[in-house]
Amino acid sequence: MNFSSEHPKIIVVGSCSLDLVLYANKIPLCNETVIANHSENFFGGKGANQAVGTARLGASVYFIGCVGIDPLGQQIMRNLVTENVNVGFVYETDQQSTGIAYVTSCNGDFSIVVDPAANKTVTIKQINDAEKYIQSSDLVLLQLEIPMEVVEYTVKKSKDLGKMVGLYASPGKKLDEGILDQVNFIVAKSNELSIIFGEDKREEILKKYFNKLFIRDETNSTIYFDGTEMKYYRNENESMVYKMGMGDAFTSGFAVALCHQNTIENCVKFGNLVSSKVSTGKGAQSALPYLKDLI
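From a predicted model like this one, the values you see are computed outputs, not experimental measurements. Sequence positions are assigned chain by chain, starting from 1 and proceeding in written order. Side-chain atom pairs in this predicted model are given and counted only at pLDDT of 80 or more, local residue features only at pLDDT of at least 70, and totals for whole chains, interfaces and linings cover all residues. No hydrogens and no water enter the side-chain calculation; it runs on all heavy atoms of the structure.

A.B. asks: Where do I start with the sheet that holds strand β2 (residues 17-23) in this structure?
C.D. replies: In a beta sheet, neighbouring strands are held together by backbone hydrogen bonds and run either parallel or antiparallel to one another. Here, any two strands with at least 2 DSSP bridges between them count as paired. Runs of E in the DSSP output that reach at least two residues are strands. Runs of H or I that reach at least four are helices, and both are numbered from the N terminus. One open sheet holds the four strands; their spatial order is β3-β2-β6-β7, and the pairing between them is mixed. At either margin of the open sheet sits one strand with a lone partner, and together these are β3 (38-44) and β7 (109-115). Geometrically, the sheet is characterised by an average inter-axis angle of 20° between neighbouring strands, direction not taken into account. Direction of pairing for β2 relative to β3: antiparallel, over a ladder of seven bridges. Between the N-to-C directions of two axes lies an angle of 0 to 180 degrees, each axis being a line fitted to C-alpha atoms and, for a helix, fitted only over the stretch in contact.

Quick look at the structure:
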């Protein structure tokens, strides 16, 4: 692995929220009520997770997002600043409260319902306001918890400016061919391929987007096609206790390794390593590793 003394500049455009996690003996079925054993709160949101993840791995990170004008929004802003993330383009709105993800967790499995709230108010104007920072960046990272028109606009503008673009295609949504063709890499969950691509013929999709599409599952395995053969890597930690945020952690590690001009194979291996570290702690952000602990 190659990590230079330079700090890559990464722009993350995405969501931020609070994860309210309820721990129960089972995940409720339809029309069923269960009693939680206890609950915990963690900072989350796929965008904020990747902003913190890449910052801890040594990147200079600018985050573009939105919070409500409420105490939770202020907590999220303070946390991002503490994590050395520039929040100059995190806007506050009085039209929505700050986003919350409601999570029921049972023996490592979980179900999630997200109220995007303020994340729905991220605008194209924010992207235009940050244009000079995008122009000077090494990579732009996106996810799908903000309006699709903002995602599409950001991809196009970033590519017009000659920038690398990474997309964690989660939560799964149908993606336009233009986005798929323009981004430099796509991370997707194995159970969402039919949603994203309109079909679930994994091998055919991987071959079409060789060295570009990286499919992951909850065992921390990643598969991709290198143009010649299928590649498969797995880092499942026996002490895995928290599976939320593993995809964000992988994307963060992959992105930083790519900025340091590592091979695709090494980027995947590093992404898997970062993701495996997250699974051993609690909280999608709090358990993210620092670069000094990995090299």
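And the narrative resumes.
A.B. asks: Got a minute to help me understand a nonpolar patch on the surface in this structure?
C.D. replies: Taken together, the side chains of Phe-110, Ile-112 and Val-114 make up a nonpolar region of the molecular surface, amounting to roughly 220 Å² of accessible area. By secondary structure assignment, the location of Val-114 is in strand β7. Per-residue accessibility, obtained with a 1.4 Å probe over protein chains only, is compared with the maximum for each type, and a residue is labelled buried under 20%, exposed over 50%, and partly exposed between these values. On the basis of relative accessible area, Val-114 is assigned to the partly exposed category, the value being 38%. For patches, a residue must show more than 30% relative accessible area and have no salt bridge; joins then use 9 Å for like charges and 5 Å for nonpolar side chains, namely Val, Leu, Ile, Met, Phe, Trp and Tyr. Surface exposure here means Shrake-Rupley accessible area, sampled with a 1.4 Å probe, where a residue is shielded only by the protein chains that are shown. The term salt bridge refers to a side-chain nitrogen of Lys or Arg lying within 4 Å of a carboxyl oxygen of Asp or Glu.

A.B. asks: Before we go on, may I ask you to explain the packing of helix α1 (residues 46-56) against helix α9 (residues 246-259) in this structure?
C.D. replies: For any two helices packed against each other, one specifies the inter-axial angle together with the distance between the axes. Contact geometry of α1 with α9 gives a least axis separation of 9 Å together with a crossing angle of 45°. Judged by the inter-axis angle, α1 sits oblique to α9. Regarding α1 and α9, the two cross each other, and that crossing is right-handed. For the pair α1 and α9, contact is made by Lys-46, Asn-49, Gln-50, Gly-53 and Thr-54 and by Asp-248, Thr-251, Ser-252 and Val-256, respectively. As a working rule, the residues Ala, Val, Leu, Ile, Met, Phe, Trp, Tyr, Cys and Pro are called nonpolar, Asp, Glu, Lys and Arg charged, and the rest polar, with Gly in that last group. Classifying every residue of the contact of α1 with α9 by side-chain character gives one nonpolar, six polar and two charged. We call two directions roughly parallel when the angle between them is under 35 degrees, roughly antiparallel when it is over 145, roughly perpendicular when it lies between 65 and 115, and oblique otherwise. Crossings are sorted by hand: turned counterclockwise from the far helix by less than a right angle, the near helix makes the crossing left-handed, and turned clockwise it makes it right-handed. We call two residues contacting when some pair of their heavy atoms lies within 4.5 Å.

A.B. asks: Looking at this structure, I do not really get the environment of Pro-28. What am I missing?
C.D. replies: In this fold, Pro-28 is placed in the loop between β2 and β3. The exposure class assigned to Pro-28 is partly exposed, which follows from its relative accessible area of 31%. Taking C-alpha positions, Pro-28 is 9.2 Å from Ser-111, a pair spaced 83 residues apart along the chain. If sequence neighbours within four positions are ignored, Pro-28 has contacts with Val-34 and Thr-104.

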